[in-house]
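# Understanding the architecture of this molecule
Each chain, written out:
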Amino acid sequence: MIRPRWQGLKHRNRNLSWRRWDQFVALVAGLNLVWVLFDVSYVPLRSFWLQRNLYPLPSLQLVIPLHWLPDITTVYDQVKGIEPHHDTTTYLTHFQKLDQTIQRDGINGDAVQQQLAQQVKLTQQMIATNPFLSSGNGGVLEKLKNRLRGRAGLDSSLDAAAQLLSPTLLKRHGWSTERQFWLEKILPLVEVNYWRSTAQNGLPTDLSWRLDTPFQLLFVLDILLRTARLKRRYPAIRWRDALLRRWIDLPLLLPFARLLRVVPVTERLSTAGLIQLESLRAVISRGVVALLAVELFEVITIRVVDALQDVIRSPQLPQKIRGFCTYQGTDQNESRELIELLRLWLPLLLSQIGPNMRPQLVALSTHILQQGMDSKMIPAPLRSNVSYQKAELQFSRQLAENLVDSALDLSRGAGSRLGVKDPVLDGLGTDTLDRFWEELARAMEQGPVLERSQELLASLLEDLKRSSFQQLNREHAVNDLISELDGLNFNPPADQPRPPA
């Protein structure tokens, strides 16, 4: 792909300190973009950061534990205004007490019976009230109920909770087995629930701007420094225009649409020389340029063909043809352009191009004369005689040479005379062209010639337009254009030494 012309410019060696500063700001901008991606995705992915389990295939019971990752929810929940939900916290706390009591006293204790009944009540209350709606995890409750019904083999999740926490079932299956089910299948679903506070503007609390402010202050400082550097390099430029040159950095300063920061961050990393995007730019631009070229050519062709069709269909076509006459024009320079063109080309054709084609003209004339004599003048029995054929060929060639030489001598003389400035010749030539346009316009005004010519020419242009667009719309035409662009490479070789700046 051809390198853009602005990349071929030889820039002056920038000060090393400024280069280091640009690289530092580019790295900070890249770090800020990584944090923005994390911040935007934190709430939707909070369950992952809380449990640190990866499910590559949700349809399968495949879990990849990532417990080596730190639990950041205890810290970052405060940034997002996330607090533990009262109902689910009470549920988890009561289950921990129940587990401790059963492990200490066993299933038959009186306190265990009361706690089991309370746990059943809390479970049924959670199913009835669905506290997960406040955190946008309403689907979690359905998953919880499905697991309860599947474990108990019942159709009602309320009855399933009562049966799974009944002393009879716990004595038969053992607390260790049932405890494993609750710890692995039920409690992780309950833990993902939370409550998020609301700010004064009615939106969920989000204090991420406090973390983003230092980055934005650094970006403002860098933009001002870049503006000052540009002003110092081009003193004539106004401060406003110099500042607008950094319009691409606007997403770095906006508190919303922060994902757009990928554009200025990529530009800064590329400008600082930390990443190389030339190959990616070439791949993207070649396709865009090829498609735009085809679309632009289609639009221009439509406009040109439509304009020609309007001119041809116009009933004023004879008057427009008559307007080519010199006495109809308002500009004498424009009216004499065709005369000057003919005076330039006619001497060239008559005195140079024609004489240089003498061998071809002689051969053509010889063949035409010989064919004429064979078909009309000589009897059939005599044509098969070899001596006669040679004589006929020699006569035809001699006659053709004489005719061609006479015509070329005449053309040389005419070309020489036409190449000389002659006011009388100019006047005669102008009168001839004027008479030609006048007679053409008069001939078109008489009879059905005008209407029939308009229909045929307009139809011809329409067919040309359709056939051209059908060929342009074919996919391989764009692919061929892209392949041709790939073959063009005007970039200097990598090993070619650059001149000193």
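Fair warning: this is a prediction, and the values are worked out from it, not measured in the lab.

### Structural notes on the overall build of the protein chain
Scanning the protein chain from terminus to terminus reveals 22 helices and four strands. The buried share of the protein chain, taken over its 501 residues, is 33%. Partitioning the intrachain contacts of the protein chain with sequence separation of at least 6 by distance along the chain shows that 70% fall at a separation of at least 24. Split by element, the accessible area of the protein chain, about 32700 Å² in all, is 61% carbon and sulfur.

### Observations concerning helix H5 (residues 110-129)
Between the first and last C-alpha of H5 there are 29 Å, a value that for 20 residues agrees with the 28 Å anticipated at 1.5 Å per step. Buried within H5 we find Val-112, Gln-115, Leu-116, Gln-119, Val-120, Leu-122, Thr-123, Met-126 and Ile-127. End-on, the buried residues of H5 take up no more than an arc of 165°, which puts them together on one face. In H5, the exposed residues that point more than 90 degrees away from the buried face are Asp-110, Gln-114, Lys-121 and Ala-128. Considering only its buried residues, H5 is in contact with helix H4 (86-105), helix H6 (138-152), helix H7 (157-164), helix H8 (167-173) and helix H9 (175-191). One or two positions beyond H5, positive phi appears at Asn-130, with a value near 50°.

### Observations regarding the confidence of the model for the protein chain
The predicted model of the protein chain averages 77 in pLDDT, with 74% of residues at 70 or higher. Below a pLDDT of 50 lies the segment residues 5-11, which in the model reaches seven contacts outside its immediate sequence neighbourhood of four places, other chains included. Counting contacts from residues 494-501, a segment whose pLDDT is below 50, to residues more than four positions away or on other chains yields four contacts.

### Things to note about the side chain of Ser-208
Within the secondary structure layout, Ser-208 lies in helix H10 (residues 208-233). What Ser-208 contacts, discounting residues up to four positions off in sequence, is Trp-35, Asp-39, Val-79, Lys-80 and Arg-258.

### A few points about the pattern of salt bridges
For the coordinates displayed, the defined rule picks out 19 salt bridges. Among the ionic pairs, Asp-22 bridges to Arg-229, the shortest N-O distance being 3.3 Å. On the criterion of sequence distance, the pair formed by Asp-22 in helix H1 (residues 16-42) and Arg-229 in helix H10 is long-range, its members being 207 residues apart. The class of Asp-22 is buried, set by a relative accessible area of 3%. By relative accessible area, which is 18% here, Arg-229 ends up buried. The partner of Arg-104 in a salt bridge is Asp-105, with the nearest N and O atoms 3.4 Å apart. The class of Arg-104 is exposed, set by a relative accessible area of 59%. The structure contains a network of salt bridges with shared partners spanning Asp-22, Asp-222, Arg-226, Arg-229, Arg-246, Asp-249, Glu-267 and Arg-268.

So, how was this worked out
- Residues numbered from 1 in each chain as written.
- Predicted model: local features only at pLDDT ≥ 70, side-chain atom pairs only at ≥ 80, totals over all residues.
- Heavy atoms only, no water.
- Helix = DSSP H or I, 4+ residues; strand = E, 2+ residues; numbered from the N terminus.
- Buried < 20%, exposed > 50% of the residue type's maximum accessible area, 1.4 Å probe, protein only.
- Contact = heavy atoms within 4.5 Å.
- Areas by Shrake-Rupley, 256 points an atom, 1.4 Å probe, with all protein chains shown as cover.
- Expected span 1.5 Å × (residues − 1).
- Arc of directions from axis to C-beta.
- pLDDT = per-residue confidence, 0-100.
- Salt bridge = Lys/Arg side-chain N within 4 Å of Asp/Glu carboxyl O.

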